[in-house]
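Structure assessment
Letter by letter, the chains look like this.
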Amino acid sequence: PYVIGEPCIDVMDRSCIEECPVDCIYEGGRKLYINLAECIDCGACEPACPVEAISQDRKIEPDQEQFVTDNKRFFTDP
Ligand code: SF4
Ligand code: F3S
């Protein structure tokens, strides 16, 4: 699946939401989050983001890996 990284923080452009066919992108306090369990890996959101915040989780840069963890926490913690 895809994950949203650091560039989204405080930008929250939201273009990605409109592209997602399964509506699996959710708003957090300072960035948006893709629910990995719902993402169908279509890739439609990736080019929609003007700040290139979205990438495939298996291709993510090492300095962005904290956002994969942060993303899991967003969907598992109450
Ligand atoms: Fe939605 Fe597709 Fe992006 Fe997954 S890859 S978040 S399904 S637009
Ligand atoms: Fe964030 Fe880019 Fe979507 S800035 S809200 S990931 S379009």
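Structural data are supplied above this passage.
Please read these numbers as outputs of a predicted model, since none were measured by experiment.

1. Some details on the site of ligand 1
Taken together, 14 residues sit near ligand 1, with Cys-20, Cys-39, Cys-42, Gly-43 and Cys-45 positioned nearest. Among the residues making up the shell around ligand 1, the classes are represented as 12 nonpolar, 1 polar and 1 charged.

2. With respect to the side chain of Asn-71
Its place among the elements puts Asn-71 in helix H2 (residues 65–76). Aside from chain neighbours lying at most four places away, what touches Asn-71 is Val-3, Tyr-33, Ile-34 and Leu-36.

3. Digging into the pattern of salt bridges
Counted under the stated rule, the structure contains 3 salt bridges. For Asp-10, the salt bridge identified is with Arg-30, shortest N-O distance 2.6 Å. You can see Asp-10 sitting in the loop between strand S1 (2–4) and helix H1 (15–19) and its partner Arg-30 sitting in the loop between strand S2 (25–27) and strand S3 (32–34), a full 20 residues away along the chain. For Arg-14, the salt bridge identified is with Glu-27, shortest N-O distance 2.9 Å. Note that Arg-14 is positioned in the loop between S1 and H1 and Glu-27 in strand S2, a separation of 13 residues in sequence. Taking the relative accessible area as the measure of exposure, Arg-14 reaches 36% and is therefore partly exposed.

4. Re the packing of aromatic side chains
Scanning the model with the defined rule gives 3 aromatic pairs in all. Among the aromatic side chains, those forming a connected cluster through ring pairs are Tyr-26, Tyr-33, Phe-74 and Phe-75.

5. Examining the site of ligand 2
Near ligand 2 there are 14 residues, and of these Cys-8, Asp-13, Arg-14, Cys-16 and Cys-49 occur at the shortest range. Class assignment of the residues belonging to the shell around ligand 2 gives a composition of 11 nonpolar, 1 polar and 2 charged.

6. Considering the environment of Pro-47
Tracing the backbone through its elements, the reader meets Pro-47 in the loop between S3 and strand S4 (54–56). Among the residues examined, Pro-47 registers a relative accessible area of 69% and is labelled exposed. Between the C-alpha atom of Pro-47 and that of Glu-65, which follows or precedes it by 18 residues, the distance is 20 Å.

Criteria and cut-off values
- Residues numbered from 1 in each chain as written.
- Chains lettered and ligands numbered in written order.
- Predicted model: local features only at pLDDT ≥ 70, side-chain atom pairs only at ≥ 80, totals over all residues.
- Heavy atoms only, no water.
- Near = heavy atom within 4 Å.
- Nonpolar A, V, L, I, M, F, W, Y, C, P; charged D, E, K, R; others polar.
- Helix = DSSP H or I, 4+ residues; strand = E, 2+ residues; numbered from the N terminus.
- Contact = heavy atoms within 4.5 Å.
- Salt bridge = Lys/Arg side-chain N within 4 Å of Asp/Glu carboxyl O.
- Buried < 20%, exposed > 50% of the residue type's maximum accessible area, 1.4 Å probe, protein only.
- Phe/Tyr/Trp six-rings, centres within 6.5 Å; stacked < 30°, edge-to-face > 60°.

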